[in-house]
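For reference, the chains in residue letters:
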Amino acid sequence: MEFKRWKNLGEILPQEVEEFIGSFGKKEEILIEIEEYAKREKVPILLPSSAQLLRLLVSTLKPKKVLEIGTGIGYSTLNIYFANRSSQVTTVDSNRKRLEVARSFFKRAEASIKVVESDGFDFIREELSEGRKYDFIFIDSTKGEYPFFNYKVQALIEPGGMVVFDNVLFRGYVAGRKYERRYERSVALLRLFLNQVKEYPNFRSYLIGVGDGLLVIENLVYNGGGGSEPGFLRD
Ligand SMILES: C[S@@+](CC[C@H](N)C(=O)[O-])C[C@H]1O[C@@H](n2cnc3c(N)ncnc32)[C@H](O)[C@@H]1O
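Residue indices follow the written sequence of each chain, beginning from 1 at its first position. Owing to the predicted nature of the model, reporting of local features is limited to residues with pLDDT of at least 70; listing and counting of side-chain atom pairs is limited to 80 or more, with chain, interface and lining totals taken over all residues. The basis for every side-chain value is the complete set of non-hydrogen atoms in the structure, without hydrogens or water.

## Description of the packing of aromatic side chains
Side-chain rings of Phe, Tyr and Trp, where Trp is taken by its six-membered ring, are said to pair if the distance between their centres is within 6.5 Å; with planes under 30 degrees apart they count as stacked, over 60 as edge-to-face, and otherwise as tilted. Scanning all chains against the criterion turns up 13 aromatic pairs. Consider the rings of tyrosine 173 and tyrosine 179, whose centres lie 5.7 Å apart with planes at 45 degrees: the pair is tilted. Summary of the burial criterion: residues with accessible area below 20% of their type's maximum are buried, those above 50% are exposed, and those between are partly exposed, where the area comes from a 1.4 Å probe applied to protein chains only. For tyrosine 173, a relative accessible area of 12% corresponds to the buried category. A relative accessible area of 30% places tyrosine 179 in the partly exposed class. Three or more aromatic residues joined by ring pairs form one cluster here, namely Phe121, Tyr146, Phe149, Phe165 and Phe193.

Shown next, in the form of structure tokens:
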């Protein structure tokens with residue numbers, strides 16, 4: 001499921017609002033080039049309001065280890081990297097052609113980013129079997145697959161860490177906006193996913209109406225001074 005972003009910037013917020021947000025504030029020259037490439041070559045990238053929030057989260061949290069599933073041509077990856085250059089960023093995509101483009105942008109930005117060509121699920125399985133964890137995970141891959149990331153990301157995120165999923169509101173269809181019949185399955189899977197996420201023990205989820213809908217999941221289990229002191233959720 002890929003969205004025709006180059007035709008319509010406004011999925012939830014009106015197009016002119018996204019455009020205004022996109023032109024607000026300072027932006028690295030290479031990000032503008034990637035935006036132009038995406039428009040020209042019809043490749044989906046993060047919407048401006050989502051890019052801003054993602055950047056704010058990373059620059060505030062300063063995560064040590066970041067994992068991204070769904071590199072595309074590297075627009076979100078570079079937003080993450082520029083938000084905190086000392087984060088170790090690993091980005092995964094199964095599309096070789098897009099990764100080649102992303103790699104060339106990373107090289108030009110002199111950004112040291114680990115690029116992995118793999119299916120996201122295979123990669124996560126491998127990381128879990130090696131006991132590796134991340135402080136921040138950004139997932140922007142096939143929306144219908146989100147329910148299958150569920151337990152895996154809970155195991156992969158460090159205590160106090162954060163997981164962000166893009167496109168969870170799917171143009172507002174998930175929240176009740178009218179949609180065509182062909183989107184029924186995707187909408188149902190995203191609703192299932194959001195219902196599952198609400199039940200994660202010791203996690204708090206925030207559903208943010210920017211871009212195409214960002215879901216921010218915070219792992220509330222913190223490591224206390226000498227041992228682990230879980231910050232359990234209380235109703
Ligand atoms: C919307 S694009 C990513 C855009 C990118 N995050 C950005 O803002 O520049 C989605 C990407 O996810 C990749 N993808 C989809 N399903 C995947 C999977 N299961 N494993 C790895 N990559 C996947 C696609 O190849 C595609 O490049």
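## Examining the sheet that holds strand S7 (residues 214–219)
If you walk across this open sheet you meet the seven strands as S3-S2-S1-S4-S5-S7-S6, and the pairing is mixed. With one partner strand each, in any of the chains shown, strand S3 (113–117) and strand S6 (203–208) form the two edges of the open sheet. Direction aside, neighbouring strands of the sheet carry axes that sit 15 degrees apart on average. Paired strands are those between which DSSP finds at least two bridges. Segments assigned H or I by DSSP are reported as helices when at least four residues long, segments assigned E as strands when at least two residues long, and all are numbered from the N terminus. The pairing of strand S4 (residues 134–139) with strand S5 (residues 157–165) spans five bridges and is parallel. When the sheet's bridge partners are listed, isoleucine 137 is paired in S5 with valine 163. To get an axis, a line is fitted to the C-alpha atoms, and for a helix only the part in contact is used. The angle between two axes follows their N-to-C directions and goes from 0 to 180 degrees.

## Section: the pattern of salt bridges
A pair is scored as a salt bridge if a Lys or Arg side-chain nitrogen falls within 4 Å of a carboxyl oxygen belonging to Asp or Glu. Taken as a whole, this structure holds 10 salt bridges when the rule is applied. Residue arginine 171 is joined to glutamate 11 by a salt bridge in which the shortest nitrogen-to-oxygen separation is 3.3 Å. Pair noted here: arginine 171 is in the loop between S5 and helix H8 (184–198) and glutamate 11 is in the segment before helix H1 (15–22), with a separation of 160 residues, a long-range link. Like arginine 171, the residue glutamate 11 is buried in the burial classification. Salt-bridge contacts for glutamate 117 lead to arginine 96; the nearest nitrogen and oxygen are separated by 3.0 Å. Of this pair, glutamate 117 sits in strand S3 while arginine 96 is found in helix H5 (residues 96–108), placing the two residues 21 residues apart along the sequence. Note on glutamate 117: relative accessible area 36%, which makes it partly exposed.

## Focus on the site of the ligand
In the neighbourhood of the ligand, 19 residues make up the surrounding shell, with Ser76, Asp93, Gly120, Asp140 and Thr142 lying closest. Under the rule applied, a polar contact is a pair of N or O atoms within 3.5 Å (in protein, one hydrogen donor and one hydrogen acceptor; residues adjacent in sequence only if both atoms are side-chain atoms). One of the backbone nitrogen or oxygen atoms of tyrosine 75 is found 3.2 Å away from an oxygen atom of the ligand. Look at the ligand: alone it shows 600 Å² of surface, and the protein chains cover 92% of it. For this purpose, a residue is taken to be near a molecule or strand whenever a single non-hydrogen atom of the residue falls within 4 Å of it. Here the accessible surface of atoms and residues is derived via Shrake-Rupley with a 1.4 Å probe, and residues count as covered only by protein chains that are part of the display.

## Points about helix H3 (residues 48–61)
Over its 14 residues, H3 extends 20 Å from the first C-alpha to the last, a length consistent with the 20 Å expected when each residue adds 1.5 Å. All buried positions along H3 are accounted for by Pro48, Ser49, Ser50, Ala51, Leu53, Leu54, Arg55, Leu57 and Val58. Lysine 62 sits one or two positions beyond H3 and adopts a positive phi of about 45 degrees. Take the residue count of a helix, subtract one, and multiply by 1.5 Å to get its expected span.

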